[in-house]
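Each chain, written out:
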Amino acid sequence: MSTDSSPSSSTDAASSTPAAAEPAGPQRCGFIAIVGKPNVGKSTLLNALVGAKVSITSRKAQTTRHRITGIRTEGATQFVFVDTPGYQTRHGNALNRALNKAVLGTVGDVDLLLFVVEAGRFDLADAKVLALLPPNVPVILVANKLDRVHRRVEIAPWLRSMQERYPFAEFFPMSAKQPRDVQRLLALCERYLPEQPWMYEADDLTDRSERFLAGELVREKLFRLTGDELPYTSTVVVDRFEQEGELRRIAATIIVERESHKGIVIGEKGERLKRIGTETRQELEREWGGKVFLELWVKVRSGWSDDEARVRAYGYE
Ligand SMILES: Nc1nc2c(ncn2[C@@H]2O[C@H](COP(=O)(O)OP(=O)(O)OP(=O)(O)O)[C@@H](O)[C@H]2O)c(=O)[nH]1
């Protein structure tokens, strides 16, 4: 079993090569999917690996619904990351069927899988994701949130028990919040990517549009600021995105299932909705370096998550 606590000198060299330098060897490029049950830290890890905010994070489970590609180019290697929605097993409605399809569609055609769990833990929800992994793709077990494990001696026997569950290619205990761990994981991933020309420009971060990012950020603020009050079936649709010089005009609608949820989103005297808007606008302005005009609406569409056609219309398939 390799726990990769001591990366070889060749990977050290690769990880310390500045991104701008002319790559020495042949180009490498490949797809990496990050999978795992909700809330294990997939989005945090993706952002850390890419080195920029491309996927939203939240303490609330189930915030990532779309496939998001983050790209990192370092030395001669281009890592193309694919984030997947948390695998949903509790409900069988149309929204969840679409989510599960997205997971299955993503994992089959990648070069490497990062299966993320919380270090020292493995439960039924983890097992259900593990059961979906295709046998022909190498899988690194990422035991995340190691900083939360107080009794480190228990990690070795836990890793051995994990070894019996699946033929993992590597075992990697880490914390997605620890930059040194992230850099070591990147070096490890590099070894699994094929020699082939890059698919993107060296400075591309994501192939998702600004419009998409705007919707994701509204969703992030929505869930952050409503805590556990709002069910995950609420969503955001960007109705309008226009750019005039440095100014972006955005109109978005938060869609909820019940009148009572609408009240939660709007808050007392409209305070909460206002805060969701302000925080989103400020973050987008920082990200793009230009002014943003953001209009937010809240609409009730009861039963939308049970309606296949609507789920498709909102972009989940
Ligand atoms: N202490 C600690 N917390 C972490 C670490 N990685 C992630 N977290 C926290 O765990 C929570 C969930 O992280 P996310 O990145 O949103 O998890 P996710 O797996 O993408 O969640 P879904 O989108 O629901 O599938 C957040 O509060 C993170 O800050 C870590 O290494 N250590």
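Predicted model, so just to flag it, every value in this text is computed and none were measured.

### Overview of the overall build of the protein
And step 1. The number of helices and strands found in the protein is 10 helices and nine strands.
And step 2. Restricting the contact set of the protein to residue pairs at least 6 apart, pairs at least 24 apart contribute 73%.

### What about the environment of glutamate 210?
And step 1. Examined against the element boundaries, glutamate 210 turns out to sit in helix α7 (residues 210-226).
And step 2. Given 15 C-beta atoms within a 10 Å radius, glutamate 210 is considered partly exposed.
And step 3. Separated by 31 residues in the primary sequence, glutamate 210 and phenylalanine 241 have C-alpha atoms spaced 8.7 Å apart.

### Notes on unusual backbone geometry
And step 1. Located in the positive-phi region is lysine 145, a residue other than glycine, with phi close to 60 degrees.
And step 2. Mapped onto the elements, lysine 145 comes out in the loop between β5 (139-144) and α5 (155-165).
And step 3. Using a count of 20 C-beta atoms within 10 Å as the deciding quantity, one classes lysine 145 as buried.
And step 4. Unusually for a residue other than glycine, lysine 269 sits at a positive phi of about 55 degrees.

### Quick word on the sheet that holds strand β8 (residues 247-256)
And step 1. With mixed pairing, the three strands of this open sheet are ordered in space as β7-β8-β9. Taken across any chain shown, the strands that pair with only one partner, and hence form the sheet edges, are β7 (235-244) and β9 (292-300). For this sheet the average axis-to-axis angle between neighbouring strands, irrespective of direction, equals 15 degrees.
And step 2. Here β8 pairs with β9 via nine bridges, running parallel. Bridge pairing in β9 links valine 256 to valine 300.
And step 3. Strand contacts of α7: β7, β8 and β9, with the helix running at about 135 degrees to β7, the strand carrying the most contacts.
And step 4. On the sheet, helix α9 (residues 271-288) packs against β8 and β9 and is oriented at approximately 145 degrees with respect to β9.

### Some points on the nonpolar core
And step 1. Counting 44 residues, the largest nonpolar core has Ile32, Phe115, Leu141 and Val142 as its most contacted members.
And step 2. Counting only elements with at least two residues in this core, the list comes to β1 (28-35), α2 (42-50), β3 (77-83), β4 (112-118), α4 (124-130), β5, β6 (170-173) and α6 (179-190).
And step 3. In this structure, leucine 141 is in contact with Phe115, Met162, Phe168, Phe171 and Phe172, ignoring residues within four places of it in sequence.
And step 4. If you look at the next biggest cluster of nonpolar residues, it comprises 17 residues, including Leu213, Ile250, Ala252 and Ile254.

### Regarding the packing of α7 against α9
And step 1. The interhelical angle for the contact between α7 and α9, taken along N-to-C directions, is 135 degrees, at an axis separation of 9 Å. For the element pair α7 / α9, the angle class is oblique. Read as a crossing pair, α7 and α9 show a hand that is right-handed. Side by side, α7 and α9 meet where Ala214, Leu217, Val218, Lys221, Leu222 and Leu225 of the first sit next to Arg272, Arg275, Ile276, Glu279, Thr280, Glu283 and Leu284 of the second.

### Brief notes about the pairing of β5
And step 1. Counting buried residues along β5, six of its six residues qualify, which places the element largely inside the surrounding structure.
And step 2. In β5, alternate side chains face the same way, and those of Val139, Leu141 and Ala143 on one face and Ile140, Val142 and Asn144 on the other are all buried.
And step 3. Note: β4 against β5, six bridges, orientation parallel. Bridge pairing in β5 places valine 116 opposite valine 142.
And step 4. In this fold, the crossover linking β4 to β5 by way of α4 has right-handed handedness.
And step 5. As judged from the four bridges shared by β5 and β6, these two strands associate in the parallel manner. From the neighbouring strand, alanine 143 faces β6, where its bridge partner is proline 173.
And step 6. Following the chain from β5 across α5 to the adjacent parallel β6, one finds a crossover that is right-handed.

### Some details on the confidence of the model for the protein
And step 1. The pLDDT averaged across the protein works out to 78; a share of 71% of its residues lies at or above 70.
And step 2. When pLDDT is averaged over each helix and strand of the protein, the minimum, 36, is found for helix α1 (residues 9-16) and the maximum, 98, for β5.
And step 3. This stretch, residues 55-66, has a pLDDT under 50; its non-local contacts, to residues over four places away or in other chains, come to 40 contacts.
And step 4. Scored as a complex, the prediction yields pTM 0.61 and ipTM 0.98.

### Structural notes on the pairing of β8
And step 1. As paired strands, β7 and β8 are joined by nine bridges and run antiparallel to one another. Following the sheet pairing, valine 236 is matched in β8 by isoleucine 254.
And step 2. What sits between the antiparallel neighbours β7 and β8 is a turn of two residues, in which glycine 245 has the positive phi angle 60 degrees.

### Observations concerning the environment of glycine 30
And step 1. Mapped onto the elements of the fold, glycine 30 is located in strand β1.
And step 2. Taking the C-alpha atoms as reference points, glycine 30 and glutamate 190, separated by 160 residues in sequence, lie 8.8 Å from one another.
And step 3. Apart from residues no more than four positions distant in its own chain, glycine 30 is found in contact with Val80, Asp111, Leu112, Leu193 and Pro194.

Parameters at a glance
Residues numbered from 1 in each chain as written. Predicted model: local features only at pLDDT ≥ 70, side-chain atom pairs only at ≥ 80, totals over all residues. Helix = DSSP H or I, 4+ residues; strand = E, 2+ residues; numbered from the N terminus. Contact = placed C-beta atoms within 7 Å. Buried ≥ 20, exposed ≤ 12 C-beta atoms within 10 Å, placed from the backbone. Pairing = 2+ DSSP bridges. Axes fitted to C-alpha atoms, helices over the stretch in contact; angles between N-to-C directions. Core = buried A, V, L, I, M, F, W, Y, C linked by C-beta atoms within 7 Å. Parallel < 35°, antiparallel > 145°, perpendicular 65-115°, else oblique. Left-handed = near helix turned anticlockwise from the far one by under 90°. Right-handed = clockwise from strand over helix to strand, strands pointing away. pLDDT = per-residue confidence, 0-100.

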